[in-house]
Amino acid sequence: MPTESYILPVHLNFRTCDVGMGACSFPSANISLLKSGQENMFVTGQLYSIVLNLDLPESNVNKELGMFIVKLQLYNKNGDSLSSATRSTMLHYRSELLRVLDTFVFSPLLLSGFVEQKQMLMIEFFSNYVDDAYNPAVGIIVEIQNLHVQLYTMVLKMYAKFTGLRYFLYHWPMLSALFGISCNLVMLLFIALLSWYQCLSTKKTNSSEYNSYDDDFESLEERRKRIRKMMDKEKEDKRLSTSKSLPEFGETETIAGETTEELLPDSDNTSDSILRHRHIKHYSDQDHDS
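It should be emphasised that the depicted structure is a prediction, and the values quoted were computed from it without experimental measurement. (Residues numbered from 1 in each chain as written. Predicted model: local features only at pLDDT ≥ 70, side-chain atom pairs only at ≥ 80, totals over all residues. Heavy atoms only, no water.)

### A few points about the overall build of the chain
Helix and strand counts for the chain come out as six helices and twelve strands. The 290 residues of the chain split such that 23% are buried. Intrachain contacts of the chain at a sequence separation of at least 6 include 72% that bridge at least 24 residues. Here the chain displays about 21300 Å² of accessible surface, and carbon together with sulfur accounts for 57% of that area. (Helix = DSSP H or I, 4+ residues; strand = E, 2+ residues; numbered from the N terminus. Buried < 20%, exposed > 50% of the residue type's maximum accessible area, 1.4 Å probe, protein only. Contact = heavy atoms within 4.5 Å. Areas by Shrake-Rupley, 256 points an atom, 1.4 Å probe, with all protein chains shown as cover.)

Structure, rendered in structure tokens:
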């Protein structure tokens, strides 16, 4: 936040006449706008209102003076003029009766010194002045273009005209602070909830993927079991078909004086049974030939 206002006293200088009475040049003052010798008072991009306050006594000279001109000029570090404005002003008119009544009513305060018979004139030179960042103003020259004007004091005031967020921060600081803190807390809460939701959704996704993997694994195991059962069934069918195609032997046969072994269809080794059957048949044929 830039400084809200600057109040600078104005000390007028003028050249006196040779006779030693009155001013022979316009009263003027040179005011520096540098803080601590280096920093500029104006903030870049900020609007400023420049006002000059004059305290003038209600003297006969000022009453007869009428209107007079006051000039204000801003210059840069090279002494070149950046902007200037000229305004005219005068004392407010008050009738003789009003002056008498005012003096009578405020006589105790006038006698004690708490009140003076003077008027304050306020002259606004710039209402929306914006300083140039590349060519900033470093000083102001104030000049009253009248040789006979009489005044007590002169003060230069520069007010920052806040707009937007700066306006609320300056005029309602507590409300702005409460609103800003609330917005930050809401934003942090939103981020926390979003992060929590993201983590929760990730866990659910991982859990579903794990469950689907388990289901696939179980289905694979069941498939293997089913295939094994089918293979065992095919083996059993082949064994039964092979055993049915072989002859049944119920007793022991004697060939060439030798006793052969009894063959049974339910032998464990089917191939051995077939070989034995063929061997017995061969010997039986030889015996008949002889």
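### Section: the sheet that holds strand β7 (residues 81–89)
Read across the sheet, four strands follow the order β2-β9-β6-β7 without closing on themselves; strand pairing throughout is antiparallel. At either end of the open sheet lies a strand with only one pairing partner, and these are β2 (28–32) and β7. Strand-to-strand, the axes of this sheet are offset by a mean angle of 15 degrees, without reference to chain direction. Pairing geometry for strand β6 (residues 68–75) and β7, over eight bridges, is antiparallel. Bridge assignment links I69 to a residue of β7, and that residue is S88. (Pairing = 2+ DSSP bridges. Axes fitted to C-alpha atoms, helices over the stretch in contact; angles between N-to-C directions.)

### A look at the sheet that holds strand β5 (residues 47–57)
The strand order β1-β10-β5-β8 describes an open sheet built from four strands, whose pairing is antiparallel. Looking at which strands have only one partner, the edges of the open sheet turn out to be β1 (5–9) and β8 (118–130). Mean inter-strand twist for the sheet, computed between neighbouring axes without regard to direction, equals 15 degrees. Pairing analysis gives ten bridges linking β5 to β8, with the strands arranged antiparallel.

### A word on the UniProt feature "transmembrane region" (unreviewed entry) in the chain
UniProt marks residues 174–197 with the feature "transmembrane region" (unreviewed entry), using the numbering shown here. Annotated as 100% helix and 0% strand, the span residues 174–197 places its first and last C-alpha atoms 34 Å apart. (UniProt positions renumbered as here; feature names shortened; annotations may be inferred.)

### Points about the packing of aromatic side chains
Taken as a whole and assessed by the stated rule, the structure comprises three aromatic pairs. Here the aromatic cluster, defined as three or more aromatic residues joined through ring pairs, consists of F42, Y48, F126 and Y129. (Phe/Tyr/Trp six-rings, centres within 6.5 Å; stacked < 30°, edge-to-face > 60°.)

### Some remarks on the layout of surface pockets
Roughly 210 Å³ of internal volume is contained in the largest pocket. Looking at the lining of the largest pocket residue by residue, the classes come out as eight nonpolar, four polar and no charged. (1 Å grid on protein atoms, 1.4 Å probe; cavity = no way out; pocket = protein on both sides within 12 Å on 5 of 7 lines; lining within 4 Å. Points joined across faces, edges and corners; volume = space filled by probe spheres on them. Nonpolar A, V, L, I, M, F, W, Y, C, P; charged D, E, K, R; others polar.)

### Structural notes on the side chain of D131
By the secondary structure assignment, D131 is in the loop between β8 and β9 (139–144). Among the polar contacts made by the side chain of D131, one reaches the side chain of Y129 at a distance of 3.4 Å. Of the polar contacts made by the side chain of D131, one reaches the backbone nitrogen of A137; its length is 3.1 Å. When neighbours within four sequence positions are excluded, D131 is seen to be in contact with N40, F42, T44, G45, P136 and A137. (Polar contact = N/O pair within 3.5 Å; in protein donor to acceptor, adjacent residues only side chain to side chain.)

### Examining the pattern of salt bridges
A complete count under the given rule lists four salt bridges for this structure. Between D55 and K118 there is a salt bridge, with its nearest N and O atoms 3.9 Å apart. Residue D55 is found in strand β5, and its partner K118 is found in strand β8; the two are separated by 63 residues along the sequence. The exposure class assigned to D55 is buried, which follows from its relative accessible area of 11%. K118 sits in the partly exposed class, given a relative accessible area of 37%. Residue D102 is joined to R94 by a salt bridge in which the shortest nitrogen-to-oxygen separation is 3.9 Å. When its relative accessible area of 21% is taken as the criterion, D102 is described as partly exposed. (Salt bridge = Lys/Arg side-chain N within 4 Å of Asp/Glu carboxyl O.)

### Overview of the pairing of β9
Note that β2 and β9 share five bridges and pair antiparallel. Within the sheet, the bridge partner assigned to S28 lies in β9 and is E143. With six bridges connecting them, β6 and β9 associate as antiparallel partners. Paired with L72 across the bridge in β9 is V142.

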